[in-house]
Every structure is written in structure tokens, then in C-alpha cells.
Protein chains: 2
Amino acid sequence: MNILQIIEAKKRGETLADEQIAFAVDGFTAGEIPEYQMAALLMAVWFNGMDPRETASLAGVMLASGAELDTASLPAPTADKHSTGGVGDKVSLLLAPLAAACGLCVPMLSGRGLGHTGGTLDKLQAIPGYRIHMENEEFLDIVGRAGCAIVGQSADIAPADGRIYSLRDVTGTVDCVPLITASIMSKKLAAGPRTIVIDLKTGSGAFMQDLNQARELARALVAVGESHGRHMAVLFSDMGQPLGRAIGHANETIEAFAALRPGGREQAPPDLVELTAELTAAMVLGAGLAPEQQAARAQVDEAWDGGGAWTALQRWVAAQDGRLDLDRDDFGLATAPLAAEVTAPADGWLAGMDCRQLGYALADMGGGRKQVEDPLDLACGMEFLPAVGDKLAKGDVVARVHCDRSDEAEAAARRVADTLVWSGQEVSARPLILERF
Amino acid sequence: MNILQIIEAKKRGETLADEQIAFAVDGFTAGEIPEYQMAALLMAVWFNGMDPRETASLAGVMLASGAELDTASLPAPTADKHSTGGVGDKVSLLLAPLAAACGLCVPMLSGRGLGHTGGTLDKLQAIPGYRIHMENEEFLDIVGRAGCAIVGQSADIAPADGRIYSLRDVTGTVDCVPLITASIMSKKLAAGPRTIVIDLKTGSGAFMQDLNQARELARALVAVGESHGRHMAVLFSDMGQPLGRAIGHANETIEAFAALRPGGREQAPPDLVELTAELTAAMVLGAGLAPEQQAARAQVDEAWDGGGAWTALQRWVAAQDGRLDLDRDDFGLATAPLAAEVTAPADGWLAGMDCRQLGYALADMGGGRKQVEDPLDLACGMEFLPAVGDKLAKGDVVARVHCDRSDEAEAAARRVADTLVWSGQEVSARPLILERF
């Protein structure tokens, strides 16, 4: 076997054998196959794709390149959720303790944000003291005790994916369903959950704009998960507008936690509540803790309203040494002062936006990364108040921008104002959950 | 401009601007663009191709990466020939002095053999004393005095092509018409000939098996040459059987030179005579030394039969310090003894062969390279006597294998015997020149 034959085979549109995929990935990870040959192979995959068996094989080889957590000793069924990323997506921060309160164990390995989307790990770093790095043993111990834990993916998780992703990023091979699938699944599988729920986002704020492409990705993700013996579920959700009202790190964490606080659900943005509850219910159902979706959802609602999730949240954050000031609305997290506002230019209905621009507006203020090593301003952010379909009067506040530097706040506000589309006629609200798979 | 945008553009099937092509090639040659990004771009080109303007632009950028010979001071019109390579192709060794005798100047830069095909440069190295490396000034001086010279391509000719070819070789991007075209033309243009004739070979002994693909390559070669102001002509010739009878370095040189010796043409293999004369006539015609093909061919025949080519040959080889013993049939070149024979297994017609296997049989004996740095046995070789369509009786000699090592000779003979296809019914001869373009 040699790598050139493997490149040629994929170039001609052949399917690769498991051994060929392992040869290429293991050789590359070991430094025996040079980057230029892997780059050529990745581009051939971009053009000719991979079938479900190849994709599962690739995910498996990348998984096997690193550590796999042994979740067998955990005291409850394990489940996890993955989101393909969007603007204002703070679901994991609510979902993990909700699922824990429903009787699941949630061992969540999370990543940093890049481009226009925020990373769960970055949001958690806004909590004073919160430790995002620890040994696998301590991580599993916290999951066992608190029901959930969220930490950064350590270097020993799917190192092959890390190396291949870096190469994809600079060779134009990021936007490729089988490569995306294998990358997501190799990391998700490593944490050992038996049930994996995917929040597959489409729309202007998502990486995938197109529902058909999202369906293709969903099928691939499910096929890989099932071939590794996991229970899979996919919800397709809308990312044509921000999820919830808060965008930014500290203020997204605050919005998430406030929603779980006793009585918080009623004040929380309805889209955030609904999507979180449905994704958590899919985990409960997938893990076999409820016989069907409605019963699962009732369990989630009970965990939310009965205070179980709030208790689980405190137990989890404390276990990771995070300090929350429960007497304060902002939980003691540092946020930037109000520095600019966006208002409606005339009476009318909010008809839409390029949601990605809201992510870039945050990045403009230092709240996003262009490169992995960029430092982040966790305190800046914005509240985006209306939803598409809402009627506003001229001068009504659309967004409040929080930032330490007023010129940057103004620039962000202009970017937000520029992307909004207004209509003089009534506009329908956007459906939140588009399909289930 | 950045390389990732260029990769993405070609990936999406866009045509690249001249500036983008220059940015990529110059950046790569300068070491500023890493191999993995060039590999991704080359694979995207493999899938999405390049149009004639892009291909001409690529050839031009690779040409401009190195030296261009100034042939303006030469005393006669310049012309050159390029063959896409085959088994037993010693045409350049006859064609250069023939063209010189017709009044052309032939500045020929030649390469080494790789795989199943021999290189003109290697064949010339079988001549004692023949110098294949010299400064460009001396090279042009010999062309001016002798009418032709054949030397190795120096490192300052199209260095970008050298670097890109090395990368193509290990990334599965060799078999790509625009890349082949730009590679051929960047080197051919560098030697400065105003007329370029292409011998485009198809069939089992050629790199291209398919006439349609060859036509595509021909169109691309002509477009690039014409866009650089050169007169172009293409002959499509058959490589389904060896050209001439000799295969191997010393014995191909001997066969070529013997054909030019007074009275040699009648004993020479008719296919070698015909293809050489037609290619040379195309050079004469292209350079404007004859009004039409038949008159050009008459000039070539006169140069051959009148001894002009034989004189030109001696002048050329002597100018490059080659020593030919004109009293000997082998010109004093070292050849290996007869070591094995292949005979016809039964009465019948020779119906065909995988001609590439004859090249590999030579390589088995040390007369071919697997890698560029492999040393060559220039003395081994074979005579392959019949042509497809010839009737042989059982036991008639098909091939004589010459080698210092009898076991290797036997292996080569077996490989030759195994690839021959025999028929009990009459078989047509293969046409030699298939098309002109």
C-alpha cells in the first residue's frame, strides 16, 4: 500500500478500503506522510466524496488516534449534544444541567469559537475560577457526581482530527460533508456518550445555508454514530436570527443561567427555551429514560420548573471551581457598559438579516477570533431584542451594544443596523425547529 | 490576493486570472507558498481543468521563472521537435542533423528517461566523450556552427516547472492535460525555437492511450505555442509497437546513426524513416523553408539521400566532443552480448502487444529508471524484429535480448514473450501516422 495509489484511487472516484483510510490518516499523524500528499487526498475527497462506510471508517481512525473516555463506570446513561454552530447559541450551558437533572450523565468536551460563532468553552471562561482543563479521570468523576461537566478537548482526544483540520483550514477543504462528519464524530465519540443529539443549524448565521446540504450532513452523522453503536438524533434548527437575545461570552452565559434560575424560564427568550428543551428531550428519549418524545419533554419541563436543573447547574459549576454570585443578576460575571444602541429607522416589521454579520459585529469588538490564538474580550456583547416578524415603531431599540470602547461599539452598531431588513408589510415569524431526523 | 482564495476559486470551477496564476507559481517557486497549498491547487486543477488562456498563462509564468535562450543571432530559422515519449523513440537523433542539413537551426534541450520510455539524453550518453552539459553560450554557438545541438536542460530553464513537476509526481496530478501542456511548453519555449513540431504518441507504449485525449492535449499545446508567437504543428503517431527495431540506449543510437549513413536508409526500419522524415518536413514547412508539405518532404529526402544529414551528424557530435568510430557498424559504442531470444510459439500473425511491457523489459535489465537518480545500463537492449501484421513461422526470431547478465536477459525475454498477442488469421498492419493537426 502506498499513499500515491490511495490519492489516485480517490481521484478516480473509487471508494477507499478501511485499510487505505487508516494507512493515510495514521501515516499522516505519525509524520510519515507529508502534508502535500494529505492535501491532495483531501482535495480529491472534496471532489469525489466518501460514502457512509468510508466516512465512518475515517471517523473511527481519527477517534482511535487518541484517547477514548471510559464512561462504563458512570452511574447513569450517557448522552451528549453537538451543535454545528451559530450566533447566540448558548444551549449547552442550559442543556447539560437540565439533562443531568433528568437523570443522564453528560460528559461534554467543547471547543473554542472561530469566525462568526462563539465557543461554549469561551463562554464558560467568563465565570471566575471555572477550570476548563483537567485530567480525564477528574472530568469523569465530576460527571459522575454532578451529572455533567464541560471541559476543553484535551490534546489526546482525536489528535489526527486536529492535524487534518489544520490542513483543511489552509487548503480549501473545510466545506466537505464527509470530512466535517468525521471531524465532528471522532471528537464526540471520544467522550463516550451512548446517545448523541445533533443540533443542525441552517440559515444565514450557520455554516450551512442550505437545508438539503444539512440533510446530507445529518444522514452522514447518523450513519457514523450508528456504525459506532451510538443512538443518534438530529434536530434541524433555524439560524436565520440569533438564538435568544444575548450575543457575547459573559452575557450569553448570564442569559443561559438566568433561564434556569427559579422563575427564570418565563422571562427567558422563548426560542432558547424551546430549542433547549427539545434537544434535551431528544437526549432523554434516546437514552431510554422516556418511552416517547412527549413524555421525555415532560421530564425536561419538570426538571426545569421543579428546580432540579438549577441545583444541577450549581453543583456542576462548583465542581469545576466556578464562582457564581447567585444574589446578582449577572452572577458576578464581568460585562461591559452599554455603549451604543441600534433603533428601528421607521415603523415596520423586522423581515430578516444576514445573521453572520451579528457574529462579525461581536468579533469587531474583540469578542471573536480570526485565528485560534487570538485573545478574546469576554465582557463585550450585545442584546438583540426583536425576532423576525416583530413589529417595531420608529426609534424602538433593536439592539444594545456593550463595550469598553465606544468607537468599536459604534462600528458594531452600524454593522448590525446595515444588515437588518425591514418591511412595511406584516412578516411571518421564522419557524425554529424545521425537521427532526 | 491570497493562495487560499485561489484554491477556492479553482475548486469552485472558476477560471483564474493571469495574476492569480503568477501569484501561485511565483510564490511556490520562491518557497513562500507551501507545498500543501500548491498540492491542493494542483488537485483542484486536475478536477476542474484550465482553459487555453489559463494554460498559456501557466506556461508563460513557468517559462519566465528561468532563463530564455536568445536565438535571434542564429544564422537560420529555428525549429524544434517534442515527442510525448514512447518505446524505441530515437527520432531526435536523426531529426536534428536532418533538419540542420535542410537549413534549420535546431537548439534541442532534452530530458532523461523515466518509467518505460527512454530519454534522448541517455541515448547520447552512450557515445564516448559526448558532453551533455555546457553553458548556454557554447550551446548556441554549436547550434550556429553545426546546425543542431542536443544538451541536457540546465537548472536555469523553467525552474518553476521542475518544482511543480516534482510535486505533481507525488500527488497524483501528473495526468492532467493543462499541467502537461504547460510543463512541455515552458521548457520548449525556453530554447527559443520559432517552430515547434509535436510528435503526439498514442497506444499501449505511450503515456496517452486515447486519441481523443491526445487531441485535447494537441489543441492545448498548439494554443499555448501560438499565444507565445510560435508556429506549431502536431503529428499523431502510433505507439502500439516499438518505433524501429532497437530498444535500449546504445543500440537505439546505433540504429539512428546507421540510418543516416550513406546507403543506410534502405536498411533502416521503414517506420523510423517515415516518421522522422515527416516530422522533419513539418519543421521545414513550419519554418517557411518550403511552400508546402510535399516540397518540404522532398528537401528532407534530399538531405538524407544526398549525405547532407550524415555530414551534419558528424559535425554536431564532434562539436559536443562525441567520438564515433565510423568504420564500425556499432560506431564504437559499447553494447552487451546476445543473451536470450524470443521466438514465435507457432505459425501465425503478430496481432499486438502491450508495448509498455517492452519498455519495462529493458528497465528490468537496468536500462530504465524507476527514480530519477537510478544509474542506467546503456549497453543492454533488444532488437524487436517484426511489426504487427507480419506473418511468422514457429521458431522465427521475434526479439534478440542483449545483456551482460543471462538471468536478467531471460526475465526480459519472458516479459516480452508474455505480452505478445498472436493470431491464426491475417492481421492488418498498424497505421503509423494517424492524424495531423
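Just so we're clear, the structure is a prediction, and the values are computed from it rather than from any experiment. (Residues numbered from 1 in each chain as written. Chains lettered and ligands numbered in written order. Predicted model: local features only at pLDDT ≥ 70, side-chain atom pairs only at ≥ 80, totals over all residues. Heavy atoms only, no water.)

Examining the packing of aromatic side chains
Turning to step 1, where the next piece is worked out: Under the counting rule described, the total for this entry stands at 13 aromatic pairs over all chains.
Turning to step 2, where the next piece is worked out: Between Phe 47 of chain A and Phe 47 of chain B, the ring centres sit 4.2 Å apart and the planes meet at 0 degrees, which makes this aromatic pair stacked. Pair noted here: Phe 47 of chain A is in helix α3 (residues 35–48) and Phe 47 of chain B is in helix α3 (residues 35–48), and the two residues belong to different chains.
Turning to step 3, where the next piece is worked out: With 6.0 Å between their ring centres and 85 degrees between their planes, Phe 257 of chain B and Phe 331 of chain B make a pair best called edge-to-face. On the criterion of sequence distance, the pair formed by Phe 257 of chain B in helix α11 (residues 249–260) and Phe 331 of chain B in the loop between α15 (308–319) and β7 (338–343) is long-range, its members being 74 residues apart. (Phe/Tyr/Trp six-rings, centres within 6.5 Å; stacked < 30°, edge-to-face > 60°. Helix = DSSP H or I, 4+ residues; strand = E, 2+ residues; numbered from the N terminus.)

Describing the domain arrangement of chain A
Turning to step 1, where the next piece is worked out: When its domains are assigned, chain A resolves into domain 1 (3–49), domain 2 (79–319) and domain 3 (338–423).
Turning to step 2, where the next piece is worked out: Centre-to-centre, using C-alpha coordinates, domain 1 of chain A lies 43 Å away from domain 3 of chain A. (Domains from an automatic or database assignment.)

A look at unusual backbone geometry
Residues and elements named next belong to chain A.
Turning to step 1, where the next piece is worked out: At Ala 158, a residue that is not glycine, the phi angle is positive and equals roughly 40 degrees.
Turning to step 2, where the next piece is worked out: Along the polypeptide, Ala 158 turns up in the loop between β3 (148–152) and α8 (159–171).
Turning to step 3, where the next piece is worked out: With a phi close to 55 degrees, Phe 331 is a non-glycine residue in the positive phi region.

Quick word on the sheet that holds strand β5 (residues 231–238) of chain B
Residues and elements named next belong to chain B.
Turning to step 1, where the next piece is worked out: Taken in spatial order, the four strands line up as β1-β4-β5-β13 in an open sheet, and their pairing is mixed. Whereas interior strands pair on both sides, the edge strands pair on one side only; in this sheet they are β1 (79–83) and β13 (433–436). Neighbour-to-neighbour, the strand axes of this sheet turn through a mean angle of 20 degrees, independent of strand direction.
Turning to step 2, where the next piece is worked out: In this sheet, strand β4 (residues 195–202) lies alongside β1 in parallel orientation, the contact comprising five bridges. Within β4, the position partnered with Asp 80 by the bridge is Ile 196. (Pairing = 2+ DSSP bridges. Axes fitted to C-alpha atoms, helices over the stretch in contact; angles between N-to-C directions.)

Some details on the relation of the copies chain B and chain A
Turning to step 1, where the next piece is worked out: Superposition of chain B onto chain A requires a rotation of 179 degrees combined with a translation of 0.1 Å along the rotation axis, giving an RMSD of 0.1 Å. These values place the two chain copies in the arrangement generated by a two-fold rotation axis. In terms of C-alpha distance to the rotation axis, chain B has Tyr 36 of chain B as its closest residue, with the C-alpha 1.9 Å off the axis.
Turning to step 2, where the next piece is worked out: Here 100% of the contact residues of chain B are again contact residues in chain A; the copies associate through an equivalent surface. (Least-squares fit on C-alpha atoms with pLDDT ≥ 70 in both. Contact = heavy atoms within 4.5 Å.)

A look at the interface of chain B and chain A
Turning to step 1, where the next piece is worked out: Tallying the contact residues gives 20 residues for chain B and 20 residues for chain A.
Turning to step 2, where the next piece is worked out: Carbon and sulfur atoms supply 73% of the area that chain B and chain A bury against each other, a total of about 1,700 Å² over both sides.
Turning to step 3, where the next piece is worked out: The largest contributions to the chain B side of the interface with chain A come from Lys 11, Tyr 36 and Phe 47 of chain B, which together make up 37% of the buried area.
Turning to step 4, where the next piece is worked out: Our count for the contact surface shared by chain B and chain A stands at two salt bridges. (Buried area = accessible area lost by both parts, 1.4 Å probe. Salt bridge = Lys/Arg side-chain N within 4 Å of Asp/Glu carboxyl O.)

Examining the nonpolar core
Turning to step 1, where the next piece is worked out: One finds Phe 257, Trp 316 and Phe 384 of chain A together with Trp 316 and Phe 384 of chain B to be the most contacted residues of the largest nonpolar core, which totals 304 residues.
Turning to step 2, where the next piece is worked out: Once you skip the residues sitting within four places of it in the chain, Trp 316 of chain B turns out to touch Leu 93, Pro 97, Leu 124, Tyr 130, Ala 146, Cys 148, Ala 149, Ile 150 and Phe 257 of chain B. (Core = buried A, V, L, I, M, F, W, Y, C linked by side-chain atoms within 4.5 Å. Buried < 20%, exposed > 50% of the residue type's maximum accessible area, 1.4 Å probe, protein only.)

Thoughts on the pairing of strand β8 (residues 348–352) of chain B
Residue and element names in this part refer to chain B.
Turning to step 1, where the next piece is worked out: For β8, a buried count of four out of five residues is recorded, marking the element as mostly surrounded by other parts of the structure.
Turning to step 2, where the next piece is worked out: Where β8 meets strand β10 (residues 391–392), two bridges bridge the pair, whose relative direction is antiparallel. Paired with Trp 349 across the bridge in β10 is Lys 391.
Turning to step 3, where the next piece is worked out: Two strands pair when backbone bridges link them, and β8 and strand β12 (residues 421–423) are joined in this way by three bridges, in the antiparallel orientation. Considered in β12, the bridge of Trp 349 is made with Ser 423.

Regarding the sheet that holds strand β7 (residues 338–343) of chain A
Two pairing modes exist for strands in a sheet, parallel and antiparallel, and in both the strands are linked by backbone hydrogen bonds.
All names here are of chain A.
Turning to step 1, where the next piece is worked out: Spatially, the four strands line up as an open sheet ordered β6-β9-β11-β7, and their pairing is antiparallel. Edge positions in the open sheet fall to β6 (246–248) and β7, since each of these has one partner strand only. Here the strands of the sheet are splayed against their neighbours by 20 degrees on average, with no regard to which way each runs.
Turning to step 2, where the next piece is worked out: Summarising the sheet, β6 and strand β9 (residues 381–384) pair through three bridges and their orientation is antiparallel. Its bridge partner lying in β9, Ile 247 is registered against Met 382.

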